Amino acid sequence: MDNPEAVFSLFYAVFSFCFVFTPTEFRSAGVTVQDLLSDLLGSEDLGFIYYHIRRTTATVAVHSLLPLGYYAGMCIASSDEKPFYFLLSEGWIVYLVIAVLIPTFVSLVALYWSLNKWGNHPIARSLAYHALPQSGWRAVASSVNTEFRRIDKFASGALGARVIVTDTWVMKVTTYCVYIAQQQDIHLTLTESRQHELCPDVNAPVQFLTIRVSSINPNVKPFDIRLNSTEYGELREKLHMPVRNAHNVVIHQSLSDMFLDTFKVQVELNQPYPLTGNQELEACIGCMQTAANIKLVKVCQEPNGGECQQCYCRPMWCLTCLGKWFASRQDQQHPETWLSNRVPCPTCRSKFCILDICIVR
């Protein structure tokens, strides 16, 4: 194009779209509000709620400057023959007034949000709906911050569409807002499934699930979370309630998730291991969340025969963690052999098969 104004308009439109919706390339290059203002926003890990209060405020403020930035860029890109074109044109004067009013209004809104130590911010007001009568939103914020710092939380998605599930909270982080619901108050409904034949991130077909989060708290608005079907099994482990499949959506789980379901069913058929009266179960050393409930006992063949070996380790693993270990030691190209194979004990390396796995009763 020979027209510099048209070239700049096209470039600025593409840049603004990518800056607001942040594709992978922009995130990798650090061209996001979070990266550009990282020194001012602080750390998400140290203060999740306060970080996102500052982030959403800064994002709205920066995005409100985009129309004004376009006007300034067009002034620079204009040809020398008409240097006062934008000052004399009535239409552009109206545009300039609007472009100035937008950030001015946003600045006033941001100032109002910051009053009462950010107590007027939409995130703070949403937290207040979960607060006890004798406490305030800051007590809820402290609870959320503490649980977010734990390594066992479920987190999925990119910036602008993250899903975070802790022991108490289900949260959705978007560009301008953070939706928060308490696990004990919600109902989950699987509403939609979309199949994408090719995903650029994994170079393979993927299925995305949409789950509706509805709270019995009338002040908490319903919201949707979206995630890859391969993460659905991990999400269920963190939730305290079932996900209702209202539309009979077929979920395409990952190979490891499907194996883990079959693995648990097969182990349930094995003979249990009786726990002696003076023996106490410790936390699983794999997840540190549930009690260790698995003991490896050689029962598949004669005591001195076969490839399996007697394991003398005390119960140290839960069924889920041992199942993940079992799957990780298999040939990923031949899943049909997984159940019949033998793997070493993750602690003492004694070989065992699925028949040797006993649930502690």
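Per-chain numbering applies: the sequence of each chain, read as written, is numbered from 1 onward. In view of the model being predicted, local features appear only for residues whose pLDDT reaches at least 70, and side-chain atom pairs are presented and counted only at 80 or more, with totals across whole chains, interfaces and linings using the full set of residues. With hydrogens and water excluded, all non-hydrogen atoms of the structure serve as input to the side-chain values.

**Digging into the overall build of the chain**
- Per the secondary structure count, the chain includes 13 helices and 12 strands.
- Relative to the globule expectation of 21 Å for 361 residues, the C-alpha radius of gyration of the chain, 28 Å, shows a markedly less compact shape.
- Projected onto its principal axes, the C-alpha coordinates of the chain cover approximately 95 × 60 × 40 Å.
- Note on exposure labels: buried denotes an accessible area under 20% of the residue type's maximum, exposed denotes more than 50%, and partly exposed covers the range between, all computed with a 1.4 Å probe on protein chains only. Per-residue burial over the chain gives 41% buried out of 361 residues.
- Residue pairs in contact within the chain that sit at least 24 positions apart in sequence constitute 57% of those at least 6 positions apart. Numbering goes from the N terminus for both helices and strands, where a helix is a DSSP run of H or I of at least four residues and a strand is a run of E of at least two. Only C-alpha atoms enter the radius of gyration; for comparison, a globular chain is expected to reach 2.2 Å times N to the power 0.38, where N is the number of residues. The contact rule is simple, with two residues in contact once any of their heavy atoms fall within 4.5 Å.

**Some words on the environment of Asp 356**
- Of note, Asp 356 is situated in the loop between β11 (351-352) and β12 (357-359).
- Taking relative accessible area as the criterion, Asp 356 reaches 1% and is therefore assigned buried.
- For the pair Asp 356 and Cys 311, spaced 45 residues apart in sequence, the C-alpha to C-alpha distance is 9.4 Å.
- When near neighbours in sequence (up to four residues on either side) are disregarded, Asp 356 contacts Lys 295, Leu 296, Val 297, Lys 298, Val 299, Cys 300 and Cys 308.

**A short note on the sheet that holds strand β1 (residues 154-156)**
- Strands qualify as paired when DSSP identifies two bridges or more between them. Pairing in this open sheet of 4 strands is antiparallel, and the strands run β1-β2-β3-β4 from one edge to the other. In this open sheet, the two edge strands, each paired with only one partner strand, are β1 and β4 (178-182). For this sheet, the mean angle separating the axes of adjacent strands, direction not counted, is 10°.
- When strand β2 (residues 161-165) meets strand β3 (residues 169-174), the two strands line up antiparallel, connected through 5 bridges. Paired with Ala 161 across the strands is Thr 174, a residue of β3.
- A fitted line through C-alpha atoms represents every axis, and for helices the fit uses only the stretch in contact; the resulting angles, taken between N-to-C directions, go from 0 to 180 degrees. Helix α10 (residues 137-148) contacts β2 and β3 of the sheet and is inclined by roughly 85° relative to β3.

**Some words on the state of the cysteines**
- When two cysteine sulfur atoms lie within 2.5 Å, the pair is treated as a disulfide. Following the criterion strictly, the structure yields 0 disulfides and no others.
- The closest cysteine sulfur to the non-disulfide-bonded Cys 311 is located on Cys 313, 3.7 Å from its own sulfur.
- Between Cys 318, a cysteine without a disulfide, and Cys 321, which holds the nearest cysteine sulfur, the sulfur-to-sulfur distance is 3.5 Å.
- Among the residues examined, Cys 318 registers a relative accessible area of 6% and is labelled buried.

**Notes on a nonpolar patch on the surface**
- Note on patches: the residues involved have over 30% relative accessible area and no salt bridge, like charges join within 9 Å, and the nonpolar side chains Val, Leu, Ile, Met, Phe, Trp and Tyr join within 5 Å. Calculation of accessible area relied on Shrake-Rupley with a 1.4 Å probe; when residues are assessed, cover is drawn exclusively from the protein chains displayed. We define a salt bridge as a side-chain nitrogen of Lys or Arg found within 4 Å of a carboxyl oxygen belonging to Asp or Glu. On the surface, a cluster of nonpolar side chains totalling about 420 Å² of accessible area is made up of Leu 108, Leu 111, Tyr 112 and Leu 115.
- Assignment of secondary structure puts Tyr 112 in helix α8 (residues 90-118).

**Quick word on the packing of aromatic side chains**
- Any two rings among Phe, Tyr and Trp, with Trp reduced to its six-membered ring, count as a pair given centres within 6.5 Å; such a pair is stacked if its planes are under 30 degrees apart, edge-to-face if over 60, and tilted if neither. The tally for this structure, following the rule as stated, stands at 21 aromatic pairs.
- Ring plane angle 15° and centroid distance 6.0 Å describe the contact between Phe 8 and Tyr 70, whose orientation is recorded as stacked. A residue pair is termed long-range when its members are at least 10 positions apart, and Phe 8 in helix α1 (residues 4-21) and Tyr 70 in helix α6 (residues 66-77) qualify at 62 residues. Across the pair, Tyr 70 and Phe 8 agree in class, each one buried.
- Considering the side-chain rings of Tyr 71 and Tyr 95, the 6.5 Å spacing of their centres and the 25° angle between planes classify their relative orientation as stacked. Taken together, the residues span a long stretch of sequence, with Tyr 71 in helix α6 and Tyr 95 in helix α8 at a distance of 24 residues.
- Under the relative-accessibility criterion, Tyr 71 is labelled buried at 7%.
- Taken together, the ring pairs in this structure connect Phe 8, Phe 11, Tyr 12, Phe 15, Phe 19, Phe 26, Tyr 70, Tyr 71, Trp 92 and Tyr 95 into an aromatic cluster.
- For Lys 153, the ring lying beneath its charged end belongs to Phe 148, and the centroid distance is 4.6 Å.
- It is Lys 295 that lies over the ring of Tyr 273; its NZ or CZ is 5.7 Å from the centre. Placement of a charge over a ring requires the Lys NZ or Arg CZ to be within 6 Å of the ring centre, with the centre-to-atom vector within 35 degrees of the ring normal.

**Quick notes on the side chain of Arg 162**
- Mapped onto the elements, Arg 162 comes out in strand β2.
- N or O atoms within 3.5 Å of each other form a polar contact, as long as, within protein, one can give a hydrogen and the other can take it, and as long as residues adjacent in sequence are counted only when both atoms are side-chain atoms. Separated by 2.7 Å, the side chains of Arg 162 and Glu 44 make a polar contact.
- Beyond its immediate chain neighbours, meaning those up to four positions away, Arg 162 contacts Glu 44, Phe 148, Ser 156, Gly 157, Met 171, Lys 172 and Val 173.

**Section: the domain arrangement of the chain**
- For the chain, the assigned domains are domain 1 (4-116), domain 2 (150-245) and domain 3 (255-359).
- Residue ranges for the domains originate in an automatic or database domain assignment. A straight line from the C-alpha centre of domain 2 to that of domain 3 covers 31 Å.
- Opposite the 5 residues of domain 2 that make contact, domain 3 presents 6 residues.
- Counting each side, the surface lost to burial between domain 2 and domain 3 is near 330 Å², with a carbon and sulfur contribution of 25%. The quantity reported as buried area is the accessible area (1.4 Å probe) lost by two parts once they are put together, taken as the sum for both.

**What about α8?**
- To estimate how far a helix should reach, multiply one less than its number of residues by 1.5 Å. With 29 residues, α8 should reach 42 Å at 1.5 Å per residue; the first-to-last C-alpha distance of 40 Å fits that figure.
- Along α8, the residues that are buried comprise Trp 92, Ala 99, Pro 103, Val 106, Ala 110 and Trp 113.

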